[in-house]
Amino acid sequence: MPELPEVERAKKYLEPFIGKTIIKAKAPIDTIVFSKQDSQDVVKSILGKKILDVKRHGKVFWIELEDSFQLGFHFGMTGELKIKGQQLIQYRNAKSKDDVSWPPRWYKMMIYITDDKKNNNKIDCFTFCDVRRLGRVWLSKDIMKEEPLSNHGFDIMNEVPPFEDYLKSIKTKTCGIKALLLDQSFSSGIGNWIADEILYQARVHPLQNVSALNDEDIKRIYDSMNEIIKLSISVNADADLFPKDWIFHYRWNKRGSTKGNSVSIPGVGKIEFLKAGGRTSAIVPTLQ
């Protein structure tokens, strides 16, 4: 699932379109991806609207439009952004990574925009795609006050509280630490790979109950979270540029482990896979 760094990257890809106007939009009938409104009603509502801004909170990003409309996007498990004529960095497990056809095979919304001021007839086009239809697209008038964002906690890039406040908040919890990290009502933006990376770097087992963690454990988690987000954003969430000692580079090979092949981090130790917080989790038992 694309997580905060990948969603922040998608937001940045759309920022050059600020100030331009939507002149055409297409969306197939899809009552799953468009679960809040009819896709054709969304298309009609955004036509002729100027893009005023692009924003993000956690794993949701949205386009601010004229007349107080906000067009929201959530990638779900396999959602992705494509821009015509551009080769974008794709999520590590993107299902349509090698699909260069246009329009993309699994597009759920296609938006055409132009710049009125330049009057050069140049039309840009971008799409929201989703192979498995677990992503969402919707129109809002106040997206931060509506679900899912109305129930979300602090954004782990822009709103991280001071450690003292984080410590007080986390000590009120009695669940497993990975389950808490994945809980968007506690903090917004952490998914499976970031949670695994935080806990690996903090040397904390994902099933450890929060109530059993000491202040030093929590400080390592807090520092790891901040460092991982800072670094991944700085390289535009390009996984090839993540530090080579991150468990990220090895955690995807669970299939190899089920076939009896050992999955290890060279010079560190063997990786094992278990369920924590309802998700498959990669750990190095000798360290965690």
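Thresholds applied
- Residues numbered from 1 in each chain as written.
- Predicted model: local features only at pLDDT ≥ 70, side-chain atom pairs only at ≥ 80, totals over all residues.
- Heavy atoms only, no water.
- Helix = DSSP H or I, 4+ residues; strand = E, 2+ residues; numbered from the N terminus.
- Expected span 1.5 Å × (residues − 1).
- Buried < 20%, exposed > 50% of the residue type's maximum accessible area, 1.4 Å probe, protein only.
- Arc of directions from axis to C-beta.
- Axes fitted to C-alpha atoms, helices over the stretch in contact; angles between N-to-C directions.
- Left-handed = near helix turned anticlockwise from the far one by under 90°.
- Contact = heavy atoms within 4.5 Å.
- Pairing = 2+ DSSP bridges.
- Phe/Tyr/Trp six-rings, centres within 6.5 Å; stacked < 30°, edge-to-face > 60°.
- Disulfide = S-S within 2.5 Å.
- Core = buried A, V, L, I, M, F, W, Y, C linked by side-chain atoms within 4.5 Å.
- Domains from an automatic or database assignment.
- Buried area = accessible area lost by both parts, 1.4 Å probe.
- Salt bridge = Lys/Arg side-chain N within 4 Å of Asp/Glu carboxyl O.
- Polar contact = N/O pair within 3.5 Å; in protein donor to acceptor, adjacent residues only side chain to side chain.
- Nonpolar A, V, L, I, M, F, W, Y, C, P; charged D, E, K, R; others polar.

**Some remarks on helix α6 (residues 215-234)**
Part 1: Over its 20 residues, α6 extends 28 Å from the first C-alpha to the last, a length consistent with the 28 Å expected when each residue adds 1.5 Å.
Part 2: Listed in full, the buried residues belonging to α6 are D217, I218, I221, Y222, S224, M225, I228, I229, S232 and I233. In a view along the axis of α6, the buried residues occupy a sector of 165 degrees, so they form one face of it. Exposed and facing more than 90 degrees away from the buried side of α6 are E216, K230 and S234.

**Focus on the packing of helix α1 (residues 4-14) against α6**
Part 1: Running from N to C, α1 and α6 point in directions that differ by 35 degrees, and their axes come no closer than 9 Å. Judged by the twist between their axes, the crossing of α1 over α6 is right-handed. Taking contact as the criterion, the partners of L4, P5, E8 and K12 in α1 are, on α6, I229, S232 and I233.

**Overview of the pairing of strand β2 (residues 51-57)**
Part 1: In this structure, β2 lies alongside strand β3 (residues 60-65), joined through six bridges in antiparallel fashion. Within the sheet, the bridge partner assigned to H57 lies in β3 and is V60.
Part 2: Taking the residues that link successive antiparallel strands as the turn, the β2-β3 hairpin has two residues, and the phi of G58 there is positive, at about 60 degrees.

**Describing the packing of aromatic side chains**
Part 1: Under the definition given, this model contains 16 aromatic pairs.
Part 2: Ring geometry for F61 and F75: centres 5.2 Å apart, planes at 50 degrees, overall tilted. You can see F61 sitting in strand β3 and its partner F75 sitting in the loop between β4 (70-74) and β5 (79-83), a full 14 residues away along the chain.
Part 3: According to the relative accessible area criterion, F61 is buried, its value standing at 0%.
Part 4: Note on W193 and W246: the rings are 6.4 Å apart at their centroids and 35 degrees apart in plane angle, and the pair reads as tilted. Here W246 lies in the loop between α6 and α7 (254-258) and W193 lies in helix α5 (residues 192-202), a separation of 53 residues in the sequence.

**Some remarks on the environment of K26**
Part 1: Relative to the elements of secondary structure, K26 occurs in strand β1 (residues 21-26).
Part 2: Judged by relative accessible area, which is 32%, K26 ranks as partly exposed.
Part 3: Considered as a pair, K26 and S39 are 13 residues apart in the sequence and their alpha carbons are 8.7 Å apart.
Part 4: Apart from the residues lying within four places of it in its own chain, the contact partners of K26 are V43, Y107, K108, M109, M110 and Y112.

**So, the state of the cysteines**
Part 1: As enumerated under the stated definition, the model contains zero disulfides in all.
Part 2: The closest cysteine sulfur to the non-disulfide-bonded C125 is located on C129, 9.8 Å from its own sulfur.
Part 3: A relative accessible area of 4% places C125 in the buried class.

**So, the nonpolar core**
Part 1: Within the largest apolar cluster, 35 residues are counted, with the highest numbers of intra-cluster contacts made by Y166, I177, L181 and I221.
Part 2: At the level of secondary structure, the elements contributing two or more residues to this core comprise α3 (163-170), α4 (177-182), α5 and α6.
Part 3: For this core, the element with the highest residue contribution is α6, accounting for seven residues.
Part 4: Apart from the residues lying within four places of it in its own chain, the contact partners of I177 are I170, L199, V204, H205, P206, Q208, V210, L213 and I221.

**Considering the pairing of β3**
Part 1: Burial analysis of β3 places six of its six residues in the buried class, the great majority of the element.
Part 2: Side-chain alternation along β3 places V60, W62 and E64 on one buried face and F61, I63 and L65 on a second face that is also buried.
Part 3: Connecting the antiparallel pair β3 and β4 is a turn made up of four residues, with D67 showing a positive phi of about 65 degrees.

**Some words on the domain arrangement of the protein**
Part 1: Domain annotation of the protein identifies domain 1 (4-151) and domain 2 (154-283).
Part 2: When domain 1 packs against domain 2, close to 1600 Å² is buried across both sides, 57% of that on carbon and sulfur atoms.
Part 3: Inspection of the region where domain 1 meets domain 2 yields one salt bridge.
Part 4: Residues D155 and R56 are paired through a salt bridge, measuring 2.5 Å at the closest nitrogen-oxygen approach.
Part 5: If you look at where domain 1 meets domain 2, you find six residue pairs in polar contact (both at pLDDT 80 or more).
Part 6: Sorting the residues of the side of domain 1 that touches domain 2 by element identifies α1 and β2 as the ones contributing at least two each.
Part 7: Broken down by element, the side of domain 1 that touches domain 2 gets its largest block of residues, seven residues, from α1.
Part 8: Counted by class, the side of domain 1 that touches domain 2 contains six nonpolar, four polar and seven charged residues.

**Details of the environment of T280**
Part 1: Within the secondary structure layout, T280 lies in strand β14 (residues 279-283).
Part 2: C-alpha of T280 to C-alpha of D196: the two residues are 84 residues apart in sequence and 9.5 Å apart in space.

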